[in-house]
Amino acid sequence: MKILAPFLFALAALGAKAADQPLSQRVERGRYLVQVGGCADCHTPLKQDPNGPKPDLTRQLSGHPQTLKMPPSPALADGPWLVVSSATNTAWAGPWGVSFTANLTPDLDTGIGRWSERDFVETLRTSRHLGVGRPLLPPMPAAYGHMTEADLKAMFAYLRTIPPVRNQVPVPLLPLPR
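Since the model is a prediction, treat every value here as computed from it, not as a measurement.

> Break down the layout of surface pockets for me, with residues and values.
Of the pockets and cavities examined, the largest pocket occupies roughly 790 Å³. Forming the boundary of the largest pocket are 37 residues, of which His43, Phe100, Thr101, Ala102 and Leu104 lie nearest the centre. Of all the elements in the fold, those that place two or more residues in the lining of the largest pocket are helix H3 (39-43), strand S5 (97-100), helix H4 (117-126) and helix H5 (149-159). For the lining of the largest pocket, the class distribution of residues is 24 nonpolar, 12 polar and one charged.

Here is the structure:
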């Protein structure tokens, strides 16, 4: 532990320094983290074009399209396959049931527009909706909970700046009995 102490102290100091940054720098840091963290890979629906799937940037980070009603997921035989994904990459089915990627835009009614910074941080820290609700489901990585508080706050600051998209994502579906 003594060897790690200086490293942990330096890391904490960096996080504190990031928290003291002006809002514009926090937003830019958040943009970078959302981009390299791959948030759009699941939270921005894919659309098909002649060259294959590409992100639908008119629905950036808006989650599973409310107009896309998913049929029952295909049953997978026991074996090495575990997960099925929709063509939009926004609905995922597996042993947990069916999960739909959330709307991360600041829309007040269907996104995170009414969330506080604390709600966002606690959701990612605890892997529970609003920090106390249902568990976040696959494919959402729990690794985001290990980010610094300053980085999570920067991500939230950035998400508050993107265009709101009105898109009511369905609630997760429980697994069907076998």
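> Could you give an account of the packing of aromatic side chains, naming the residues involved and the relevant values?
Within this structure, the stated rule accounts for one aromatic pair. Taking 5.4 Å as the distance between ring centres and 35 degrees as the angle between the ring planes, the aromatic pair formed by phenylalanine 120 and phenylalanine 156 counts as tilted. Here phenylalanine 120, found in helix H4, pairs with phenylalanine 156, found in helix H5; they are 36 residues apart in sequence, far enough to count as distant. Across the pair, exposure class does not vary: phenylalanine 120 and phenylalanine 156 are buried alike.

> Give a description of the pattern of salt bridges that names residues and reports values.
Going through the model one piece at a time under the given rule, you end up with 11 salt bridges. The residue arginine 31 makes a salt bridge to glutamate 28 at a minimum N-O spacing of 2.6 Å. Of this pair, arginine 31 and glutamate 28 both sit in helix H2 (residues 23-36), separated by three residues, roughly a single helical turn. When its relative accessible area of 31% is taken as the criterion, arginine 31 is described as partly exposed. A salt bridge links aspartate 109 to arginine 166; the nearest nitrogen and oxygen atoms lie 3.2 Å apart. Of this pair, aspartate 109 sits in the loop between S5 and H4 while arginine 166 sits in the segment after H5, placing them 57 residues apart in sequence.

> An account of the sheet that holds strand S3 (residues 84-85) is needed here, citing residue identities and associated values.
One open sheet accounts for three strands, arranged S3-S4-S5; its pairing is antiparallel. Only two strands of the sheet have a single partner each, and these edge strands are S3 and S5.

> An account of H2 is requested, with residue identities and associated values reported.
The terminal C-alpha atoms of H2, which comprises 14 residues, lie 20 Å apart, in line with the 20 Å expected from a rise of 1.5 Å per residue. Looking only at H2, the buried set comprises Val27, Gly30, Leu33 and Val34. Summarising the axial view, the buried residues of H2 lie within an arc of 125 degrees, below the 170-degree limit, and thus occupy one face. Exposed residues on H2 whose side chains face more than 90 degrees from its buried face are Ser24, Gln35 and Val36. At its buried positions, H2 is contacted by H3 and H5. Glycine 38 occupies a position one or two residues after H2 and carries a positive phi of about 75 degrees.

Cut-offs applied
Residues numbered from 1 in each chain as written. Predicted model: local features only at pLDDT ≥ 70, side-chain atom pairs only at ≥ 80, totals over all residues. Heavy atoms only, no water. 1 Å grid on protein atoms, 1.4 Å probe; cavity = no way out; pocket = protein on both sides within 12 Å on 5 of 7 lines; lining within 4 Å. Points joined across faces, edges and corners; volume = space filled by probe spheres on them. Helix = DSSP H or I, 4+ residues; strand = E, 2+ residues; numbered from the N terminus. Nonpolar A, V, L, I, M, F, W, Y, C, P; charged D, E, K, R; others polar. Phe/Tyr/Trp six-rings, centres within 6.5 Å; stacked < 30°, edge-to-face > 60°. Buried < 20%, exposed > 50% of the residue type's maximum accessible area, 1.4 Å probe, protein only. Salt bridge = Lys/Arg side-chain N within 4 Å of Asp/Glu carboxyl O. Pairing = 2+ DSSP bridges. Expected span 1.5 Å × (residues − 1). Arc of directions from axis to C-beta. Contact = heavy atoms within 4.5 Å.

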